[in-house]
Amino acid sequence: MVIFIISYFFFIDQKQRISARYTKIALELEQKYPGHILSEGAREWLFMNAGGWMGSVYILHASVTEYVLFFGTAVDTQGHSGIV
């Protein structure tokens, strides 16, 4: 369901600015999964340089076993996320 929400509001609704699409996705996930998505006041973009990539992340949910975040980078990046 999370993938459906993200793809619907991000890829189908391309007339809106990207920041508006991110906000819409976050609010939709907050409504669908109450208590699991960080509130709007607790969310912020974090800039990172780790493991050969540089970018920024906007964390919506994080636990020991899973995470949901927006990731963006202005430079090429490659690799994987998680355990092999």
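Report follows, based on the coordinates. Since the model is a prediction, treat every value here as computed from it, not as a measurement.

Criteria and cut-off values
Residues numbered from 1 in each chain as written. Predicted model: local features only at pLDDT ≥ 70, side-chain atom pairs only at ≥ 80, totals over all residues. Heavy atoms only, no water. Core = buried A, V, L, I, M, F, W, Y, C linked by side-chain atoms within 4.5 Å. Buried < 20%, exposed > 50% of the residue type's maximum accessible area, 1.4 Å probe, protein only. Helix = DSSP H or I, 4+ residues; strand = E, 2+ residues; numbered from the N terminus. Contact = heavy atoms within 4.5 Å. Salt bridge = Lys/Arg side-chain N within 4 Å of Asp/Glu carboxyl O. Polar contact = N/O pair within 3.5 Å; in protein donor to acceptor, adjacent residues only side chain to side chain.

Counting residues in hydrophobic clusters, the biggest one holds 9 residues: Tyr-22, Ile-25, Ala-26, Leu-29, Ile-37, Tyr-58, Leu-60, Val-68 and Phe-70. Of all the secondary-structure elements, those providing two or more residues to this core are α2 (18-32), β2 (53-62) and β3 (67-72). Sorting elements by how many residues they give to this core places α2 first, with 4 residues. Setting aside anything within four residues of it in sequence, one finds Leu-60 in contact with Ala-26, Leu-29, His-36, Ile-37, Leu-38, Arg-43, Val-68, Leu-69 and Phe-70.

Our focus in this paragraph is the pattern of salt bridges. Scanning the model with the defined rule gives 1 salt bridge in all. Arg-43 is paired through a salt bridge with Glu-30; the nearest N and O atoms lie 3.6 Å apart. Highlighted residues: Arg-43 in the loop between α2 and β1 (45-50) and Glu-30 in helix α2, separated in sequence by 13 residues. Under the relative-accessibility criterion, Arg-43 is labelled buried at 7%.

Attention shifts here to the side chain of His-61. Within the secondary structure, His-61 sits in strand β2. On the accessibility criterion, His-61 (12% relative accessible area) is buried. Separated by 2.7 Å, the side chain of His-61 and the backbone oxygen of His-36 make a polar contact. Not counting residues up to four positions away in its chain, the partners in contact with His-61 are His-36, Ile-37, Glu-66, Tyr-67 and Val-68.

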